[in-house]
Every structure is written in structure tokens, then in C-alpha cells.
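Structure at a glance
As a plain string of letters, each chain reads:
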Amino acid sequence: MATTEEVKKLSTLARIRVDEADLEKFTSEFDAILAYVGQLEKLDLPQGREGEKPALRNVIRADGVPHEAEAFTKILAEQFPQREGDALSVKQIIIHD
Amino acid sequence: MVVKKPNELTIGEAARALRARELTVRELWDACAAVAHAKNPELNAFLEIFDADEPAIAVAQARIDAEGESAPLLCGIPLAVKDNILIEGHIASAASKMLENYRATYDATVIKKLKAQNALFLGRTNMDEFAMGSSTEHSAFGPSRNPHDTSRVPGGSSGGSAAAVAAHLCIAALGTDTGGSIRQPAALTGLAGLKSTYGAVSRSGAIALGSSLDQIGPLAKTVEDARILYEAIRGEDPLDSTTIPDGLYPAHKVGKNLRIGVPRHLLGGSVDAGVRSAFEATLAALEKDGHTLIDVELPTSDYALAAYYVIMPAEASANLARLDGIRYGHAPRGATLLDDYILSRTEGFGEETRRRILLGTFVLSSGYIDAYYRKADAARSVLRREYNDAFEVCDVIAFPTTLSPAFRFGEKGDPLALYLEDIFTVTANLTGMPAISVPMGTVERDGKQLPVGIHFTAPHQAEETLFIIGESVEKTRDN
């Protein structure tokens, strides 16, 4: 059973606000979904025979230079909500007295 | 003889007409664009219809003139592209307020491949926000409508692409499929839709939902068209390390007549009677055509949807964590940096997206990860094994693509009812196996004939087997 407190905590973790008015509705929908996926607890995995993993896994490439420096700087900087020149500006998080 | 209008042609027919000089690239573009502009206010299939790209049209025509028969089949063909696939310079919003003004800074690999063939892009199509849904009702920009009955959904999440192709607003389209988002709308609008083997098509430039499940693929008027588009976009890509080389999995050799596995234990009470009888009639016709029907057992399938609704939200919550209003996307500002994140995500994401992010956060949280995520991942391995065991005795596995024909807007109001829409399609994403939906006739509702689809799954990298059986279904339907 999910509680409104749990949903509140999850929303804090996920950086999403759920309004008090929506909290009950969200929690009851959440409960129904969890009851459904909770079926998995009843699944007895076959013993003795392993399941099968995909044939291609954990591909790693050598470090390298993917493209020349600044090739995408201008075009990416155009998307920044706030900028100073080509630099992305964000709120100051450390205050110096 | 009924002569088709240019926008009603298939890729194969349009390519032949362009080569035979019966049609110019410009005429084909204009025919599609005119119908798209006329019908889009009703269907809401496109979020944006692009202006004609004159240089691209001229280059395509010149290539057909110069190369004739050897020009690529997609040269000069107007295609629609789902709004979560990046086309450089165009908005790619994934039908979300979060990315409403995001302009793609590069081409997805599939778009690069289509541009190399001089295909044309007519517009970007509507979808459920971040591909989360089975009806397009979760688009931030209003739902698309099913051309067969506009009071009903076209399916989703690639519902805009499906509506655009089914109503002949374009020749074919690209969608993405995480749990059935190509195959289910294809079934509900009378199209062929393919989800290829995981890794067959590069995901570079597709806005991620569930990275271990997502594939880009075609929605097309015929199986031949689906094959043409698939062949154009497939292949290994250094920008997506999960793409696979040819021959990675053992080859399954098949002849003209296939062994069709039917898991009858899955076709119980919840399948609509009309869908069931269309399915049985199609199987009977395939048997008459020389194919063999074999009963197969896939016991863990009963848990597939539960496993999917653990794995997909888990991956979605991780993928969507990057959208925080700092570097791009919806970016309101509050008093603190934390407020900036919370405001951006709360305002930017729609209700279903927020629900799935919270669900994903829950199943990955300490104390629950063993009960949910690890169990779901184990179920996934068992499903893969069960399907491979079944493919020892059959070449494809068949069931209906959906439980019922297209439903009415609002009919599946509670989230779980909508999730159940994916019950037959999610397994192919969990196992990474290729699957296709092909039209298998219609079911009548309120005096309207609504299309339904038959679904086939094949072993890894056996897309060719799906095209063979899909064309067989088309042949039996035409006779």
C-alpha cells in the first residue's frame, strides 16, 4: 500500500511537486499500479535453468576526440535559458560573506 | 479502374510513378502537403507541417532523372516523422511542454540515412508525451484522431504518425516503439508497423523513454513499404553502442511455408469477440495458404506486462532526470536553484509523465529494488529463454496485436486500464525480438468498420521472416 507520505517523499526525490489536492488521487492510482506489478512477487523463477541475456552487452569504446573543439558550442548555447556569451548561467549556490 | 491520387500511393507505387515520369517529386509533395493542411485541423496528426524544402525537392528530382531505376526507392518520397526523432533545425518536442521550443541541434542517425536517400520530411507528428501512452490522449498539444472514426483514438504513442499515413497525409512515417507504440497504432488504423530487433536500428537522436526497450521503426501502408523503410534506416552506428552487427544471432532458415506458433493459453476471456474471430479467420486462411499452425506455451507471458511496467518507468525516470530547466527546455525561475528544478519539472511534464517518473523512482528505491526491478529483469531473461525454446518448433509466434479495436476518447480514464492496452506487444520489447503488426480485417462498432491487426514475433534478427508472413497475410486478405 502506498501512502500519501510516500508519494510526497518520492516527489521530493524526483524534483516534482504534487499538489495537496492531487495527492489522494495520485496515491490511489499508484496503489492500483503497484498492486498490478506486485504480481511479480508470485512469479516462481525456474530453478536450474538460467534465463537468457542479450547477445551484445556492455559495449565500451576507446576514449577519443569525438569532434573538433567548439564544433557545437554556438548551436548548443542558443538553447540555454540564461547565458553570458557562450557560458551557461545558473543561480549562485555558494554565498561568500 | 480506380486511379489513386498521388498522396494515396505506397512507397513502391510512388517510386515507380516517379521513375516512369508519371509524376514529379514536386507534384507528389504538393499532393501530400495539400491534404495534410486540409485534414490536419480535424485529425491533429501533425504538430507541425514543414514548408516545402525547395532545394531538397530539386535535388531529389535531379537524382531520379539522372539515376532512374538505380535511384533509392525513398528518393523524393514525403515522410512524416514522430516528434521524438531529431531533425536538425526543427523543433523536436516529444509532444511535451518541457521541449515545446527545443530545436534539434543534429540529425538522428535514421534521419541522416533517409537524407542520404533524398527522402523528404513533411512534418513532425503528434504522440503521447515522451511516448508514454497508447492513445495520444497524453500529448500536451491535444489528441490525434483515428481517420476511421474520429470519435476514437488512433492508438499510441505513435498515433500521429499512424493517423497521418492512414489518412494519406503522407506516404509513410517513422514512429518509435517502447512497448507497442508502433504496432498498436498500426493495428488500430489499418497499417503495417514494425518493431525491429533491439539494436537493429540506431537510437541516436531519438528522445529516450526506456533505453533498453526503444526502437525506431516504420508505419506504412503495406508490408513492402515497411521493409523498404526498415532497410533504409537499419545498421550499426558508432553513435549508438547498442546497435548490433548482422549475424550476431544464429540464423533461422525458413522456406516459403512457415510454422506459426499460437499461444492459445493467452487468448482467454479479455480478447474482444470480433478480434478473436478475425484472428481465427486469418490463421485459417494462412493454413490454407500452406503454413502450419502449432500450439506453443509461453507461461511467463502472464507476467510480461507487470515486468514492463517496472522496467520502463525505472528507465524513464532516469532518462528524464536530465530535463531540469538548466541547459535547455522549459525553464521558469524561482527563488533558489532547487526551485528552478522543481518548477521546471512540475510545469514542464504532463500528468502521465509525472506519474511514471514517480513510479520509476519508487521501483528503484532502496528496499524495493529487489522486489520489483531485479525480479522484473529476471522475468525478462526467462521470457527470452521461453521464446527461444518455442522457436525450436515454430518460425513465428502469432496473437492479435490488441484486445479490441480503437476505443473512444476518455474510455480508458484510469491509468491501469490504458496500460493493459499493451498486454500483447510489450513482450517483444522485453525480449528484444522483432515483431510486426499487419491488418487482419475489421470489426464493426456503431456502424463503422474499425481495423484490427495480427501480431507476429520472430527470433532475433529474423525480420525477413516477419516480412514473409506479413505479405502472406496481405495476400490472403486480398483474395
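The following paragraphs examine the structure supplied in this document.

About the cut-offs
- Each residue is numbered by its place in its chain's sequence as written, counting from 1.
- Numbering of ligands from 1 and lettering of chains from A proceed in the order in which they are written.
- Local features in this predicted model are restricted to residues whose pLDDT is 70 or higher, and side-chain atom pairs enter the listing and the counts only when it is 80 or higher, whereas totals over whole chains, interfaces and linings include all residues.
- Secondary structure elements follow DSSP: runs of H or I no shorter than four residues count as helices, runs of E no shorter than two count as strands, and numbering proceeds from the N terminus.
- An expected span of 1.5 Å times one less than the residue number is assigned to each helix.
- The seven residues ending at a residue and the seven starting there each receive a fitted axis; the angle between those axes is the bend at that residue.
- Backbone-placed C-beta atoms define the burial measure: a residue is buried with 20 or more other C-beta atoms within 10 Å of its own, exposed with 12 or fewer, and partly exposed in between.
- By the convention adopted here, residues make contact when the C-beta atoms placed from their backbones lie within 7 Å.
- Only strands that DSSP links by at least two bridges are regarded as paired with each other.
- Ten residues, namely Ala, Val, Leu, Ile, Met, Phe, Trp, Tyr, Cys and Pro, are considered nonpolar, four, namely Asp, Glu, Lys and Arg, are considered charged, and the remaining ones, Gly among them, are considered polar.
- Note on method: axes are straight lines fitted to C-alpha atoms, helices fitted across the in-contact stretch only, with angles between N-to-C directions ranging 0 to 180 degrees.
- Here the angle decides the label: under 35 degrees means roughly parallel, over 145 means roughly antiparallel, 65 to 115 means roughly perpendicular, and every other value means oblique.

Overview of helix α2 (residues 25–43) of chain B
Residues and elements named next belong to chain B. With 19 residues, α2 should reach 27 Å at 1.5 Å per residue; the first-to-last C-alpha distance of 25 Å fits that figure. Of all bends in α2, the biggest is about 35°, found at H37, and the proline P41 comes one to four residues later. Within α2, burial applies to V25, L28, W29, A31, C32, A33, A36, N40 and L43. Buried residues along α2 sit against α1 (11–19), β1 (46–49), α3 (54–67), β2 (78–82), β3 (120–125) and α5 (159–166). A positive backbone phi angle near 50° is found at N44, which sits one or two residues after α2.

Here we look at the pairing of strand β10 (residues 435–445) of chain B
All names here are of chain B. Counting buried positions along β10 gives eight out of eleven residues, so the element sits mostly inside the fold. Note: strand β5 (residues 192–195) against β10, three bridges, orientation antiparallel. Paired with G193 across the bridge in β10 is S437. Two strands pair when backbone bridges link them, and β10 and strand β11 (residues 448–457) are joined in this way by nine bridges, in the antiparallel orientation. Bridge pairing in β11 places A435 opposite T457. Following β10, the chain reverses through two residues before pairing antiparallel with β11; D446 in that reversal takes a positive phi of roughly 50°.

Here's the deal with unusual backbone geometry
The linkage connecting G156 of chain B with the following residue, S157 of chain B, adopts the cis geometry, with an omega of 10°. For S157 of chain B, the location among the structural elements is in the loop between β3 and α5. Located in the positive-phi region is E70 of chain A, a residue other than glycine, with phi close to 65°. Mapped onto the elements, E70 of chain A comes out in the loop between α2 (20–37) and α3 (73–77). Positive phi, close to 65°, is recorded for A131 of chain B, a residue that is not glycine. In this structure, A131 of chain B sits in the loop between β3 and α5.

So, the interface of chain A and chain B
Facing 37 residues of chain A, the contacting portion of chain B comprises 50 residues. Going through the elements one at a time, α1 (4–13), α2 and α3 of chain A are the ones with two or more residues in the side of chain A that touches chain B. It is α2 of chain A that contributes the most residues to the side of chain A that touches chain B, five residues altogether. The class makeup of the residues in the side of chain A that touches chain B is 25 nonpolar, four polar and eight charged.

Overview of the packing of α1 of chain A against helix α11 (residues 351–363) of chain B
Packing of α1 of chain A against α11 of chain B leaves a shortest axis separation of 9 Å and a crossing angle of 100°. As summarised for this structure, α1 of chain A and α11 of chain B are arranged roughly perpendicular, according to the angle between their axes. Two secondary-structure elements touch here, α1 of chain A through V7, L10, S11 and L13 of chain A and α11 of chain B through L358, T361 and F362 of chain B. Residues of the contact of α1 of chain A with α11 of chain B, tallied by class, amount to five nonpolar, two polar and no charged.

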